Amino acid sequence: MLNVFKKASSTSVARIDPMEIEITIERGDRLLSSALDQGVKWPHRCKVGSCGTCKVILVSGDIKPQLNFGYVLTPEEINEGYILACQSTLKSDIHVLIKPRSRKGKERQ
Ligand code: FES
């Protein structure tokens, strides 16, 4: 059978660490909203890409940003692989890492 007629998958899988959770996400749905809908306790506040609370490290896979992350994340964070979960749709299966935060909102060492 010719692969040109093969329908692309309409879902992707997101592996979320350190919780060791895998969720399935429909194409075009955002990472944060899909995770929350599936019961994942994900730090967040605004859900519109302005607070940075939902930031996460993209370990592997491809996402499509729904806005320029540079409005919220520092150049250093972007270089470290941070993305905004509330403003990311998936282009492939992905693996992300949520870093724990201190009470002041900074990552622990
Ligand atoms: S929840 Fe505020 S930037 Fe994502």
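The rules behind the values
- Within every chain, residues take consecutive numbers counted from 1 along the sequence as written.
- Owing to the predicted nature of the model, reporting of local features is limited to residues with pLDDT of at least 70; listing and counting of side-chain atom pairs is limited to 80 or more, with chain, interface and lining totals taken over all residues.
- Think of pLDDT as the predictor's per-residue confidence, scored from 0 to 100.
- Throughout, a pair of residues is in contact if the C-beta atoms placed from their backbones lie within 7 Å.
- Under the DSSP-based scheme used, a helix requires at least four consecutive residues in state H or I and a strand at least two consecutive residues in state E, with every element numbered from the N terminus.
- Note: two strands are recorded as paired if DSSP finds a minimum of 2 bridges between them.

**A word on the confidence of the model for the protein chain**
With 85% of its residues at a pLDDT of at least 70, the protein chain reaches an overall mean of 89. Across residues 105-109, confidence stays below pLDDT 50; counting only partners more than four residues off in sequence or on other chains, it has 6 contacts.

**Quick notes on unusual backbone geometry**
When glycine is set aside, most residues are seen to have a negative phi, and most peptide bonds are trans. That bond from aspartate 17 to proline 18 is cis: its omega, 10°, falls within 30 degrees of zero. Look at glutamate 20: it is not a glycine, yet its phi comes out positive at around 60°. Relative to the assigned elements, glutamate 20 resides in the loop between strand E1 (11-17) and strand E2 (21-26). One non-glycine residue, lysine 47, adopts positive backbone phi at about 65°. Within the secondary structure, lysine 47 sits in the loop between helix H1 (31-37) and strand E3 (55-60).

**Here we look at the pairing of E3**
Bridge count between E3 and strand E5 (residues 82-84): 3 bridges; the pairing is antiparallel. By the bridge assignment, lysine 55 is partnered in E5 with leucine 84. Where E3 and strand E7 (residues 94-97) come together, 3 bridges link them in antiparallel fashion. Paired with isoleucine 57 across the strands is leucine 97, a residue of E7.

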